[in-house]
Amino acid sequence: ASDPSEKIPIGILQRCIKLTSEPPQGLKQNLVRAFKHFSDEPWENSSKQQEFKGILFALCFFHACIVERKKFGAQGWNRPYPFNPGDLTTCVDVLANNLEDRAKIPWEDLRYVFGEIMYGGHIT
């Protein structure tokens, strides 16, 4: 953490190597970072591979837009929200379950679950 600590002597902190993990800048880098969380396995195991790939791209793009929006702070929202890769991976798990369980793609259900519950549920 970046908070000061009384437990670690200042001399040790001054001699240490400090590492930071900066979030990517720009929509393209955020999109690439979102895709890196997935291997080929999720859609290879799907019976609807083409549909899965298309919806996965849309989810990654949506996630990248939301993460990139952080640079504007709480403008338009009541407060800033910590969207993270866990939100995206949970949405992909929900996508896989819904695609395999139904004959037709449940677009309205997916839109509601992703937009209103998974991502919209953060917003108060």
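Before reading on, note that the structure itself is shown above.
Residues numbered from 1 in each chain as written. Predicted model: local features only at pLDDT ≥ 70, side-chain atom pairs only at ≥ 80, totals over all residues. Heavy atoms only, no water.

Caption draft 1: Examining the side chain of K48 more closely. Along the chain, K48 falls in the loop between α3 (41-44) and α4 (49-68). Buried within the structure, K48 lacks any salt-bridge partner; E100 is the closest side chain of opposite charge, at an N-O distance of 6.6 Å. Within the structure, K48 has its side chain in polar contact with the backbone oxygen of R102 (distance 2.4 Å). Aside from chain neighbours lying at most four places away, what touches K48 is L99, E100, R102, A103 and K104. (Helix = DSSP H or I, 4+ residues; strand = E, 2+ residues; numbered from the N terminus. Buried < 20%, exposed > 50% of the residue type's maximum accessible area, 1.4 Å probe, protein only. Lys, Arg positive; Asp, Glu negative; His and termini not counted. Salt bridge = Lys/Arg side-chain N within 4 Å of Asp/Glu carboxyl O. Polar contact = N/O pair within 3.5 Å; in protein donor to acceptor, adjacent residues only side chain to side chain. Contact = heavy atoms within 4.5 Å.)

Caption draft 2: Local environment of the pattern of salt bridges. Evaluation of the coordinates by the stated rule reveals three salt bridges. The salt bridge partner of E108 is R111, with a shortest N-O separation of 3.9 Å. Taken together, the positions of E108 and R111, both in helix α6 (residues 107-119) and three residues apart, correspond to about one turn of that helix. Across the pair E116 and R111 runs a salt bridge, and its minimum N-O distance is 3.9 Å. One salt-bridge network, held together by shared partners, links E108, R111 and E116.

Caption draft 3: Main features of the side chain of H63. Looking at the secondary structure, you find H63 in helix α4. In contact with H63, other than residues within four places in its own chain, are A34, N84, P85, L88 and Y119.

Caption draft 4: Quick peek at the nonpolar core. Within the largest apolar cluster, 23 residues are counted, with the highest numbers of intra-cluster contacts made by F52, L56, L59, C60, L88, L95 and Y119. Of all the secondary-structure elements, those providing two or more residues to this core are α2 (27-35), α4, α5 (85-101) and α6. Top element by residues in this core is α4. It accounts for seven residues. When residues no more than four places from it in sequence are discounted, the contact partners of L56 are F35, F38, W43, V92 and L95. (Core = buried A, V, L, I, M, F, W, Y, C linked by side-chain atoms within 4.5 Å.)

Caption draft 5: A look at the packing of aromatic side chains. Summed over the entire model, instances satisfying the criterion amount to two aromatic pairs. Seen in terms of ring centroids, F35 and F57 are 6.0 Å apart; in terms of plane orientation they differ by 25°. Their pairing is stacked. Linking F35 in helix α2 with F57 in helix α4, this pair joins segments that are 22 residues apart in sequence. Connected via pairs of aromatic rings, a cluster forms that spans F35, F57 and F61. (Phe/Tyr/Trp six-rings, centres within 6.5 Å; stacked < 30°, edge-to-face > 60°.)

Caption draft 6: Summary view of the packing of α2 against α4. Look at α2 against α4: their axes get within 8 Å of each other, and the N-to-C directions meet at 130°. Here α2 is positioned oblique relative to α4, judged by the angle of their axes. You can see that α2 and α4 cross each other, and the crossing is right-handed. For the pair α2 and α4, contact is made by L27, N30, L31, A34 and F35 and by L56, F57, C60, F61, H63, A64, C65, V67 and E68, respectively. Per-class residue counts for the contact of α2 with α4 are 11 nonpolar, two polar and one charged. (Axes fitted to C-alpha atoms, helices over the stretch in contact; angles between N-to-C directions. Parallel < 35°, antiparallel > 145°, perpendicular 65-115°, else oblique. Left-handed = near helix turned anticlockwise from the far one by under 90°. Nonpolar A, V, L, I, M, F, W, Y, C, P; charged D, E, K, R; others polar.)

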